[in-house]
Amino acid sequence: MSKPTPTARVLTTEAGAPVADNQNSSTAGVGGPIILQDQHLLEKLARFNRERIPERVVHARGSGAYGYFEVTDDVTGFTRADFLDTVGKRTELFIRFSTVADSLGGADAVRDPRGFAVKFYTEEGNYDLVGNNTPVFFIKDPIKFPDFIHSQKRDPFTGKQEPNNVWDFWAHAPEATHQVTWLMGDRGIPASYRHMNGYGSHTYQWTNAEGEAFFVKYHFKTNQGVRSLSADQGAELVGKDANSHQTDLLQSIERGVYPSWTLYVQIMPAAEAANYRFNPFDLTKVWPHADYPLQRVGRMVLDRNPDNVFAEVEQSAFSPNNFVPGIGPSRDKMLQGRLFAYADAHRYRLGVNHTQLAVNAPKATTANNYGRDGLMASNAYDRHAKNYEPNSYDGPVQTGQPLSAPLAVSGYVGTHAAPAHTKDDDFFQAGELYRLMSEDEKKRLVENIAGGLSQVSRDDVIEKNLAHFHAADQDYGKRVEARVRELRED
């Protein structure tokens, strides 16, 4: 790795030690899982989770509802998850929709990704599926997540979101081009939470009863149809009702018009991952449906509003490390980082006993462990129960049965860039998405991008971003460049 120039200040940890690599997390071999000894990563994520109180650092503005998931198709050949084992089986759930960048008091109808977090109250414990309304994201390594969000949040000096910061980060993150194309396109402002799709986004692992492993991606397709707003329509709606999406969700359920989604999955046999043309664990990439078609699993229906928004929506806590037997993680680096960061955020924001709150506690089973004490601890424990294991007093014991198949790792511990597959680059899929758009969609996309990029004050930042769009598609780049020039000359 190149040394900093003599005039550059050296990036350090909070203890003052120099940071060797601020772009790649430390992994067990190239493409392997992140290791716990990466002090710089853990320090960044842990500090990031503690920067705001009491609202969430990201996904602060949200709405939620209860409902159920019903299995419609047999997937037992791919997973032994109990809540998916029988066609017709229903499982209670809670979902939280959210915007990502704005604060708790922000408006709903804004251009921003939407959180799509589902808590399944299964008979084997709670399963949390934490995703977005887009199948990809801006970055592929969690070590960049605090920096990315800082660039999108309010500037510490001006106190407002700054186009300079937003586009400067994207200028230095070419892998964001795919998600920027999604965000600036027609689906960037959903008409309501009911009229958008949801995605697990990450790659997860399913394991069947025979121990066979499969990698999967989740797709929740709205049964109401996808509807979105133009920039002008969004601005008008914000002026009329800043809580438009909350209002729509609440009123539709109260009227008995229950929103629903059909869940599909893409399934990849684990052995195919190594030689797939795209890195299947890269959050900035999709798996084309021609390679791995959608397979239907079931439907999700929302039929009950929370009685108390604070208790049930604001205090709801989702963590992607809440798995159940038959479902587990993959080597997706962003997922690996979130396995730590989400749960840590809740422990800080809500306390170590947040899992005892009604919205977060298991409903179809009982939590049975040796956790005790701490802030807001419940006294709902067996009298005189021991708080250590193993013991001689009939306390709960381990099963010895892993939830999912083990992940093989090899190589040297260190900070490694993500391994490149044959079709991997930062621009190919962004270009494919652009070429799928109609002429009207392309015009709106270009207008949305140019409207923000033209406000950037630094020419070099503009040029770096334009280069990304040119690399994705020649026509894409030419159109954005021409429109940015026009807006800057006005």
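Residues numbered from 1 in each chain as written. Predicted model: local features only at pLDDT ≥ 70, side-chain atom pairs only at ≥ 80, totals over all residues. Heavy atoms only, no water.

On to the overall build of the chain. From N to C terminus, the chain includes 12 helices and 12 strands. Counting only C-alpha atoms and orienting by the principal axes, one finds that the chain spans roughly 75 × 60 × 45 Å. A total of 490 residues make up the chain; the buried ones form 52% of that total. Of all intrachain contacts in the chain linking residues separated by at least 6 positions in sequence, the fraction that spans at least 24 positions is 75%. Accessible surface computed for the chain: about 22800 Å², of which carbon and sulfur atoms make up 51%. Placing the 53 positive and 62 negative side-chain charges of the chain at their respective mean positions leaves the two points 2 Å apart. (Helix = DSSP H or I, 4+ residues; strand = E, 2+ residues; numbered from the N terminus. Buried < 20%, exposed > 50% of the residue type's maximum accessible area, 1.4 Å probe, protein only. Contact = heavy atoms within 4.5 Å. Areas by Shrake-Rupley, 256 points an atom, 1.4 Å probe, with all protein chains shown as cover. Lys, Arg positive; Asp, Glu negative; His and termini not counted. Charge placed at Lys NZ, Arg CZ, Asp CG, Glu CD.)

A full pass over the atoms with the stated rule returns seven cavities of 30 Å³ or more. For the largest cavity, the calculated volume is near 420 Å³. Contributing to the lining of the largest cavity are 26 residues, with Arg56, Val58, His59, Tyr342 and His346 lying nearest its centre. Listed by contribution, the elements that provide at least two residues to the lining of the largest cavity are helix 1 (39-49), strand 3 (90-99), strand 4 (114-122), strand 5 (125-132) and helix 8 (333-349). For the lining of the largest cavity, the leading source of residues is helix 8, giving seven residues. Its residues assigned to classes, the lining of the largest cavity shows 13 nonpolar, seven polar and six charged. In terms of lining residues, the second largest cavity is bounded by 13 residues, among which His59, Gly131, Asn132, Arg338 and Tyr342 are the most central. Broken down by secondary-structure element, the contributors of at least two residues to the lining of the second largest cavity are strand 5, helix 2 (145-152) and helix 8. Residue contributions to the lining of the second largest cavity peak at three residues, all from strand 5. (1 Å grid on protein atoms, 1.4 Å probe; cavity = no way out; pocket = protein on both sides within 12 Å on 5 of 7 lines; lining within 4 Å. Points joined across faces, edges and corners; volume = space filled by probe spheres on them. Nonpolar A, V, L, I, M, F, W, Y, C, P; charged D, E, K, R; others polar.)

A few words on the nonpolar core. One finds Phe138, Phe145, Phe148, Trp167, Trp170, Leu453 and Val480 to be the most contacted residues of the largest nonpolar core, which totals 44 residues. Ignoring anything within four residues of it in the chain, the contact list for Trp170 reads Phe138, Phe148, Gln152, Ala176, Val180, Leu183, Met184, Asn465 and His468. Among the nonpolar cores identified, the runner-up in size contains 37 residues, and Leu93, Phe220, Leu249 and Val324 belong to it. (Core = buried A, V, L, I, M, F, W, Y, C linked by side-chain atoms within 4.5 Å.)

Each α-helix winds once per 3.6 residues, and so residues spaced three or four apart point in a common direction. Burial in helix 3 (residues 163-171) covers these residues: Val166, Trp167, Phe169, Trp170 and Ala171. Next to the buried residues of helix 3 lie helix 2, helix 4 (177-184), helix 10 (439-453) and helix 11 (459-472).

Turning to the pairing of strand 2 (residues 62-71), a few remarks are in order. In terms of burial, strand 2 is largely enclosed, as 10 of its 10 residues are buried. The side-chain alternation of strand 2 yields two buried faces, one formed by Gly62, Gly64, Tyr66, Tyr68 and Glu70 and the other by Ser63, Ala65, Gly67, Phe69 and Val71. Here nine bridges tie strand 2 to strand 3, and the two strands are oriented antiparallel to one another. When the bridges of strand 3 are listed, Tyr66 appears paired with Phe94. (Pairing = 2+ DSSP bridges.)

Counted under the stated rule, the structure contains 34 salt bridges. A salt bridge links Arg349 to Glu314; the shortest N-O distance between them is 3.5 Å. In this pair, Arg349 is assigned in helix 8 and Glu314 in helix 7 (residues 309-314), connecting sequence segments 35 residues apart. Its relative accessible area of 9% is what places Glu314 among the buried residues. For Arg488, the salt bridge is made with Asp459, and the minimal N-O distance between the two is 2.9 Å. Here Asp459 lies in helix 11 and Arg488 lies in helix 12 (residues 474-489), a separation of 29 residues in the sequence. Since its relative accessible area comes to 34%, Arg488 is described here as partly exposed. Taking relative accessible area as the criterion, Asp459 reaches 47% and is therefore assigned partly exposed. (Salt bridge = Lys/Arg side-chain N within 4 Å of Asp/Glu carboxyl O.)

This part takes up the layout of surface pockets. Volume-wise, the largest pocket comes out at about 1400 Å³. In this structure, the largest pocket is lined by 49 residues; those nearest its centre are Pro362, Thr366, Ala367, Asn368 and Asn369. Of all the secondary structure elements, the ones that give two or more residues to the lining of the largest pocket are strand 5 and helix 8. Grouping the amino acids of the lining of the largest pocket by side-chain chemistry returns 16 nonpolar, 22 polar and 11 charged.

Before going further, it helps to examine the side chain of Asp21. Checked against the element boundaries, Asp21 lands in the segment before strand 1 (26-28). It is Lys333 that comes nearest to the buried, bridge-free Asp21 among opposite-charge side chains, at 8.0 Å. Within the structure, the side chain of Asp21 is placed 2.8 Å from the backbone nitrogen of Gln23, a separation counted as a polar contact. Polar side-chain contacts of Asp21 include one of 3.2 Å to the side chain of Thr415. (Polar contact = N/O pair within 3.5 Å; in protein donor to acceptor, adjacent residues only side chain to side chain.)

This part covers the packing of aromatic side chains. All told, the structure shown has 32 aromatic pairs when counted by the stated rule. Judged by centre distance (5.1 Å) and plane angle (35°), the ring pair of Phe83 and Phe120 falls under tilted. Placement of the pair is Phe83 in the loop between strand 2 and strand 3 and Phe120 in strand 4, with a sequence separation of 37 residues. In this structure, Phe83 and Phe120 share a single accessibility class: buried. Pairwise contacts between aromatic rings join Phe48, Phe137, Phe138, Phe145, Phe148, Trp167, Phe169 and Trp170 into one cluster. Lying over the aromatic face of Phe145, Arg338 brings its terminal NZ or CZ to 5.5 Å of the ring centre. Across the ring face of Tyr121, the terminal group of Lys363 is positioned such that the distance to the ring centre comes to 4.9 Å. (Phe/Tyr/Trp six-rings, centres within 6.5 Å; stacked < 30°, edge-to-face > 60°. Lys NZ or Arg CZ within 6 Å of the ring centre and 35° of its normal.)

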